[in-house]
Amino acid sequence: MPDVPTKSESVDRATDGGTASTLDTPAGDPTELPGSTGRYSFGHEIARGGMGVVYRATDTAFGREVAIKVLSARYAPDSAAARRFADEARITAQLQHPGIPPAYDLGALPDGRPFLAMKLIKGDTLETLLRARTDSREDAGRFVAAFEAVCQAVAYAHAHDVIHRDLKPSNVMVGAFSEVQVMDWGSPRC
């Protein structure tokens, strides 16, 4: 279900209905750019996965930047993929933990495709940071602390009968101040 992000400025990656991050590749099909929903003004694409696309957007009601995950245009608004997307968004919204990006809104675009508005996470994936090391022992304390934060977020989810099912370094964001966020939630309950 989850996306495969590669770089910084992540969001609660929302493709298959989960979370997001920034890609180094150019934006995908420009015809998919949603434009505006009234409350949200869409910017550029920051992630793409199997079922969805994540955009940087502005929440005009609060004047803040957010990430918005949108079901890919190749799926019908009434498809099984759309139902999974909405289910994942609802599960993500129930996970209230400092290591899990909060969901702000679930809605539909004018064409009927669902979207999930969530906190915009700025940083790099753990995968990117691990690959950037020249020595596997380099900055070991930082990575141990990140691992501990991931474990705490996952333990919280497990205590709420939610499993991740795709936990990997590319689904973990590390911010500029070492804040750790586990992305792409929404797997079925245990």
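About the criteria used
- Residues numbered from 1 in each chain as written.
- Predicted model: local features only at pLDDT ≥ 70, side-chain atom pairs only at ≥ 80, totals over all residues.
- Heavy atoms only, no water.
- Helix = DSSP H or I, 4+ residues; strand = E, 2+ residues; numbered from the N terminus.
- Buried < 20%, exposed > 50% of the residue type's maximum accessible area, 1.4 Å probe, protein only.
- Contact = heavy atoms within 4.5 Å.
- Areas by Shrake-Rupley, 256 points an atom, 1.4 Å probe, with all protein chains shown as cover.
- Expected span 1.5 Å × (residues − 1).
- Salt bridge = Lys/Arg side-chain N within 4 Å of Asp/Glu carboxyl O.

Colleague: Mind showing me how you'd approach the overall build of the chain here?
Modeller: Helices and strands together make up the secondary structure of the chain, namely three helices and eight strands. The helix and strand sequence of the chain, counted from the amino end, reads β-β-β-α-β-β-β-α-α-β-β. Expressed as a percentage of its 190 residues, the buried residues of the chain come to 48%. Sequence-distant contacts, at least 24 apart, represent 60% of the contacts inside the chain between residues at least 6 apart. Surface summary for the chain: the accessible area is close to 8,700 Å², and the carbon and sulfur share equals 55%.

Colleague: Sorry if this is basic, but what is going on with helix 1 (residues 80–94) here?
Modeller: Three or four residues apart is the spacing at which side chains of an α-helix point the same way, because the helix has 3.6 residues per turn. For helix 1, spanning 15 residues, the distance from its first C-alpha to its last is 21 Å, which sits close to the expected 21 Å at 1.5 Å a residue. Buried residues in helix 1 make contact with strand 3 (64–71), strand 4 (103–108) and strand 5 (114–119).

Colleague: Is there a simple way to think about the pattern of salt bridges in this case?
Modeller: Note on pairing: side chains with opposite charge can pair once their charged atoms come close. Applying the stated criterion across every chain yields a total of twelve salt bridges. For K69, the salt bridge identified is with E88, shortest N-O distance 3.9 Å. Linking K69 in strand 3 with E88 in helix 1, this pair joins segments that are 19 residues apart in sequence. Across this residue pair, the class does not change: K69 and E88 are buried. Via salt bridges that share partners, R39, D59 and R64 belong to a single interconnected network.

Colleague: Honestly, unusual backbone geometry in this entry has me stumped. Any pointers?
Modeller: Unlike most non-glycine residues, D161 shows phi in positive territory, near 60°. Position of D161 among the secondary structure elements: in the loop between helix 3 (140–159) and strand 7 (172–175).

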